[in-house]
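# Summary of structural features
Letter by letter, the chains look like this.
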Amino acid sequence: SRAGMALSVLVVLLLSMLYEAVKMGKAVLLRRALLALPRSLSHQSLVEPEDGDTGPAQGRCWMSQPLADGFPFLFPSWFGYHVGQTLFHVAQVVLGYMVMLAVMSYNAWIFLGAIAGSTLGYFV
């Protein structure tokens, strides 16, 4: 039916737009993660805050209780960004495969909906 086809094209268009939004969100999160990294990438600077750095965003993130061997159980601020990037990547892969599966139906309207959604998603 025409209504079913129009709804299918709209869903594929929205999935394509969401794919582009997730892709841009992943890029923004990567930029924030790179800014959260310390200047020196030694193990000590990744675990301990740099001189002059204060606050949870610069040094430690969640827990700082020592383990039995004396090594502090720390989550630096960049670790949270890495987890976020991983979740964005999973969402991007799932959405990409869903759009690809829809396009492989070899329907011209679905294909045009995917292209239009990708274009609008990038534009917005």
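In what follows, the accompanying structure is described. All values reported here derive from a predicted model rather than from experimental measurement.

### Things to note about the overall build of the protein
- Helix and strand counts for the protein stand at four helices and two strands.
- Secondary structure of the protein in N-to-C order comes out as α-α-β-β-α-α.
- Residue burial in the protein is summarised as follows: out of 124 residues, 22% are buried.
- Sequence separation of 24 or more characterises 65% of the internal contacts of the protein that already satisfy a separation of 6 or more.
- As displayed, the protein has an accessible area near 8800 Å², and 70% of this comes from carbon and sulfur atoms.

### Remarks on helix H3 (residues 77–103)
- The first and last C-alpha atoms of H3 sit 40 Å apart over 27 residues, in line with the 39 Å expected at 1.5 Å per residue.
- All of the buried residues in H3 are Ser-77, Gly-84, Gln-85, Gln-92, Leu-95 and Val-99.
- Check the buried side of H3 and you find it contacts helix H1 (2–36) and helix H4 (108–123).

### So, the nonpolar core
- If you look at the biggest cluster of nonpolar residues, it comprises eight residues: Val-9, Val-12, Leu-15, Val-22, Leu-95, Val-99, Ile-110 and Ala-114.
- It is H1 that contributes the most residues to this core, four residues altogether.
- Among all residues touching Leu-15, those that are not within four sequence positions of it are Leu-95, Met-98 and Val-99.

### Some details on the environment of Met-5
- With respect to the helices and strands, the residue Met-5 is situated in helix H1.
- For Met-5 and Trp-109, which are 104 residues apart along the polypeptide, the C-alpha to C-alpha distance reads 8.1 Å.
- Look past the residues within four positions of Met-5 in its chain and what remains in contact with it is Asn-107, Trp-109 and Ile-110.

Calculation notes
- Residues numbered from 1 in each chain as written.
- Predicted model: local features only at pLDDT ≥ 70, side-chain atom pairs only at ≥ 80, totals over all residues.
- Heavy atoms only, no water.
- Helix = DSSP H or I, 4+ residues; strand = E, 2+ residues; numbered from the N terminus.
- Buried < 20%, exposed > 50% of the residue type's maximum accessible area, 1.4 Å probe, protein only.
- Contact = heavy atoms within 4.5 Å.
- Areas by Shrake-Rupley, 256 points an atom, 1.4 Å probe, with all protein chains shown as cover.
- Expected span 1.5 Å × (residues − 1).
- Core = buried A, V, L, I, M, F, W, Y, C linked by side-chain atoms within 4.5 Å.

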